[in-house]
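Spelled out, the chains give:
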Amino acid sequence: MSEFRDAAGRSEMEVEVGAGSSVADLIARLCSELPGLQVLLERVGGSSSPSFAVAVDGVEVPASRRPETVLREGSDVLFFFPGVGG
């Protein structure tokens, strides 16, 4: 998570999104407002890349479902790089 925190310049932020906004919409908005985040996501394959994970209210949202996963009022969204086992 520290890479996302560094790219965004903060560890937490509150963002209001319109009704019906998806996880993909939120990512696009954050990238437009936070250039460091855009750079980080481009480095790992883009905003729809499965190289980073997104969880909404504690449930991971696969990259393929980001466009269809609608956010609700008060949703907690977390961006992180999945751990590598071994």
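Note that the structure is a prediction, hence the values are computed from the model and not measured. (Residues numbered from 1 in each chain as written. Predicted model: local features only at pLDDT ≥ 70, side-chain atom pairs only at ≥ 80, totals over all residues. Heavy atoms only, no water.)

### Overview of helix α2 (residues 23-33)
Burial in α2 covers these residues: V23, L26, I27, L30 and C31. All buried residues of α2 fall inside an arc of 130° around its axis, so they share one side. Looking at the packing, one finds that the buried side of α2 touches α3 (35-43), β1 (53-56) and β3 (77-80). Measuring from the side-chain oxygen of the N-cap residue of α2 to the backbone nitrogen of A24 gives 3.3 Å; that N-cap residue is S22. (Buried < 20%, exposed > 50% of the residue type's maximum accessible area, 1.4 Å probe, protein only. Helix = DSSP H or I, 4+ residues; strand = E, 2+ residues; numbered from the N terminus. Arc of directions from axis to C-beta. Contact = heavy atoms within 4.5 Å. Polar contact = N/O pair within 3.5 Å; in protein donor to acceptor, adjacent residues only side chain to side chain.)

### What about the side chain of S22?
Tracing the sequence through the fold places S22 in the loop between α1 (2-8) and α2. For S22, a relative accessible area of 4% translates into the label buried. From its side chain, S22 meets the backbone oxygen of P67 in a polar contact 3.5 Å long. Contacts of S22, omitting those with residues within four sequence positions, involve R66, P67, T69, V70 and L71.

### A short note on unusual backbone geometry
In this structure, D57 takes a positive phi of about 50° despite not being glycine. Its location among the elements puts D57 in the loop between β1 and β2 (59-61). Looking at D57, the relative accessible area reads 34%, which means it is partly exposed.

### A look at the confidence of the model for the chain
Mean pLDDT for the chain: 88, with 95% of residues reaching 70 or above. Averaged over each element, pLDDT in the chain is lowest for α1 (86) and highest for β2 (96). (pLDDT = per-residue confidence, 0-100.)

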